[in-house]
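The chain contents come next:
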Amino acid sequence: MAISLSSSSASFRRFSPSVYMRQVPASLSASPRPEVVVTREQGKNGKLISALAVHGVPCLEVPLVEHTKGPDMERLSTLLSDNLFDWVVITSPEAGSVFLEAWKAAGTPKVCLGVIGVGTASVFEKVMRSHHRSLQIAFSPSKATGKVLASELPKHENRIYTVLYPASVKASNEIEESLSVRGFEVTRLNTYSTVAVNNIELAILTQALSAPVVAVASPSAVRAWVNLVPESEKWNHSVACIGETTALAAKRLGLRNVYYPANPGLEGWVESILEALRVHEEQLKAGVC
């Protein structure tokens, strides 16, 4: 079931057209008019595009963010080599990919994982088939959020449990603070960061602004989208978020018509997008937009 948030006002930064003027692909004009803009990092939108194609929904891929190495990246493999942690907490697919690279460099030590969400867990599927004795997903929270993971991560009361938390530079302190309150000893490493893409073609941006729905998977993507919208543009289309955290960020930034699933993940995200499209179609029929 999709959940909708609404906001009565929006504030956008000024748009600088020169940033986006690059040569436009000849295939762009031949493509069907997109109904949904998918915004994950280049190469990571395939599953969502395929899932929406089943419903006949054409998409426009406009990556809004890209990942860069974090300041603690080099320390991760060393910590894995020299220490045995009770838990390694992984909260996103990118955190999982970065962790696996360091884990292999450390010699594939035995690790017990706590992960958030099906998408994050899927990062480890192939590796676990060949390293099932040294790498296992031992816990996933009842709801795919950092808050719930921190409240449910298993521990016994008779000793201190150690947690390694490889995270984004931009992630909040909620997880390590909540785990510390529960008595865990947490080591956080900022292993990657997320930056906005700043070379989007003007013609593609124009198409994206006309699409009824923009699909976003992180607060960073929401911020990047808000910064792209021209100040003069009265943009009031829908934003479909992968989960509640991203949806709340969208609302705080003043975006209207925000949809998100009760449980983060691809299936719920697709349902939220379809719900946003249904509402848009009803508004068109009623002459509202």
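Residues numbered from 1 in each chain as written. Predicted model: local features only at pLDDT ≥ 70, side-chain atom pairs only at ≥ 80, totals over all residues. Heavy atoms only, no water.

Chemist: Which parts of the structure should I look at to understand the overall build of the protein chain?
Modeler: On a plain count of helices and strands, the protein chain comes out with 11 helices and 12 strands. Taking all 289 residues of the protein chain together, the buried fraction comes to 47%. Counting only contacts in the protein chain whose residues sit at least 6 apart along the sequence, the fraction spanning at least 24 positions is 71%. Surface accessibility of the protein chain: about 14500 Å² in total, with carbon and sulfur atoms responsible for 50%. (Helix = DSSP H or I, 4+ residues; strand = E, 2+ residues; numbered from the N terminus. Buried < 20%, exposed > 50% of the residue type's maximum accessible area, 1.4 Å probe, protein only. Contact = heavy atoms within 4.5 Å. Areas by Shrake-Rupley, 256 points an atom, 1.4 Å probe, with all protein chains shown as cover.)

Chemist: Mind showing me how you'd approach helix H7 (residues 174–181) here?
Modeler: Every α-helix carries 3.6 residues per turn, so stepping three or four residues along brings you back to the same face. Within H7 the residues assigned to the buried category are Ile175, Glu176 and Leu179. Along the long axis of H7, the arc covered by the buried residues comes to 90°, so they all point the same way. The secondary structure elements touched by the buried residues of H7 are helix H6 (146–152), strand S8 (162–168) and strand S9 (185–196). Positioned one or two residues after H7, glycine 183 has a phi angle of 105°, which is positive. (Arc of directions from axis to C-beta.)

Chemist: I tried to follow the sheet that holds strand S6 (residues 111–115) on my own but got confused; where do I start?
Modeler: Paired through their backbone hydrogen bonds, the strands of a sheet run either parallel or antiparallel. Read from one edge of the open sheet, six strands run S4-S9-S8-S5-S6-S7, paired in mixed fashion. Two strands close off the open sheet at either side, each with one partner strand: strand S4 (65–69) and strand S7 (135–139). Pairwise comparison of adjacent strand axes, ignoring direction, gives a mean angle of 30° for this sheet. Sheet topology places strand S5 (residues 87–90) next to S8; two bridges connect them, and they run parallel. The residue bridging valine 88 from the neighbouring strand is leucine 164, located in S8. Running over the sheet, helix H2 (residues 73–82) touches S4, S6, S8 and S9 and is turned about 150° from S9. (Pairing = 2+ DSSP bridges. Axes fitted to C-alpha atoms, helices over the stretch in contact; angles between N-to-C directions.)

Chemist: So what exactly am I meant to see when it comes to the packing of aromatic side chains here?
Modeler: Given two aromatic rings, their pairing is described by the distance between the two centres and the angle made by the two planes. Under the definition given, this model contains four aromatic pairs. Judged by centre distance (6.2 Å) and plane angle (75°), the rings of tyrosine 161 and phenylalanine 184 are edge-to-face. Of this pair, tyrosine 161 sits in the loop between H6 and S8 while phenylalanine 184 is found in the loop between H7 and S9, placing the two residues 23 residues apart along the sequence. Comparing tyrosine 161 with phenylalanine 184 shows no difference in burial state: the two are buried. One residue, lysine 155, lies across the ring of phenylalanine 184, its end atom 5.7 Å from the ring centre. One Lys or Arg, arginine 159, reaches over the ring of tyrosine 161 and ends 3.8 Å from the middle of that ring. (Phe/Tyr/Trp six-rings, centres within 6.5 Å; stacked < 30°, edge-to-face > 60°. Lys NZ or Arg CZ within 6 Å of the ring centre and 35° of its normal.)

Chemist: Quick question: what am I supposed to make of the pattern of salt bridges here?
Modeler: Two side chains bearing opposite charge may form a pair once their charged atoms approach each other closely. One pass over the structure, following the stated rule, counts eight salt bridges. For the salt bridge of aspartate 72 with arginine 75, the shortest nitrogen-to-oxygen distance reads 3.9 Å. Given a relative accessible area of 15%, aspartate 72 falls into the buried group. Judged by its relative accessible area of 45%, arginine 75 is partly exposed. Here the salt bridges share partners, and the residues they tie into one network are Glu41, Lys44 and Glu94. (Salt bridge = Lys/Arg side-chain N within 4 Å of Asp/Glu carboxyl O.)

Chemist: Could you clarify how one ought to interpret the pairing of S5 in this entry?
Modeler: A regular strand places its side chains on the two faces of the sheet in alternate fashion. Alternating positions in S5 separate into two faces, Trp87 and Val89 on one and Val88 and Ile90 on the other, with burial throughout. Read as a crossover between parallel neighbours, the route from S5 over helix H3 (residues 93–105) to S6 is right-handed. (Right-handed = clockwise from strand over helix to strand, strands pointing away.)

Chemist: What should I look at first to understand helix H10 (residues 244–252) in this one?
Modeler: Those residues of H10 that sit buried are Thr246, Ala247, Ala249 and Ala250. Down the axis of H10, the smallest arc covering the buried residues is 160°, so these residues share one side. Exposed and facing more than 90 degrees away from the buried side of H10 are Thr245 and Arg252. Positive phi shows up at glycine 254, right after H10, with a value of about 90°.

Chemist: Can you walk me through the nonpolar core in this structure?
Modeler: Burial of nonpolar side chains together is a common tendency in soluble globular proteins. One finds Val62, Leu64, Ile200, Trp225, Trp235, Cys241 and Leu255 to be the most contacted residues of the largest nonpolar core, which totals 29 residues. No other element matches helix H9 (residues 219–228), which puts six residues into this core. Sequence-distant contacts of cysteine 241, defined by excluding residues within four places in its chain, comprise Val216, Thr246, Ala247, Ala250, Val258, Tyr259, Tyr260, Pro261 and Trp269. Grouped together as the second largest cluster of nonpolar side chains are 25 residues, Met73, Phe99, Leu100 and Phe124 included. (Core = buried A, V, L, I, M, F, W, Y, C linked by side-chain atoms within 4.5 Å.)

Chemist: Would you take a moment to explain the pairing of S6 for this structure?
Modeler: Most of S6 sits inside the fold, with four of its five residues counted as buried. Bridge count for S5 against S6 is three bridges, and the pairing is parallel. Note that in S6 the partner of valine 88 across the bridge is leucine 113. As paired elements, S6 and S7 share four bridges and run parallel to each other. Directly across from leucine 113, in S7, lies its bridge partner isoleucine 137.

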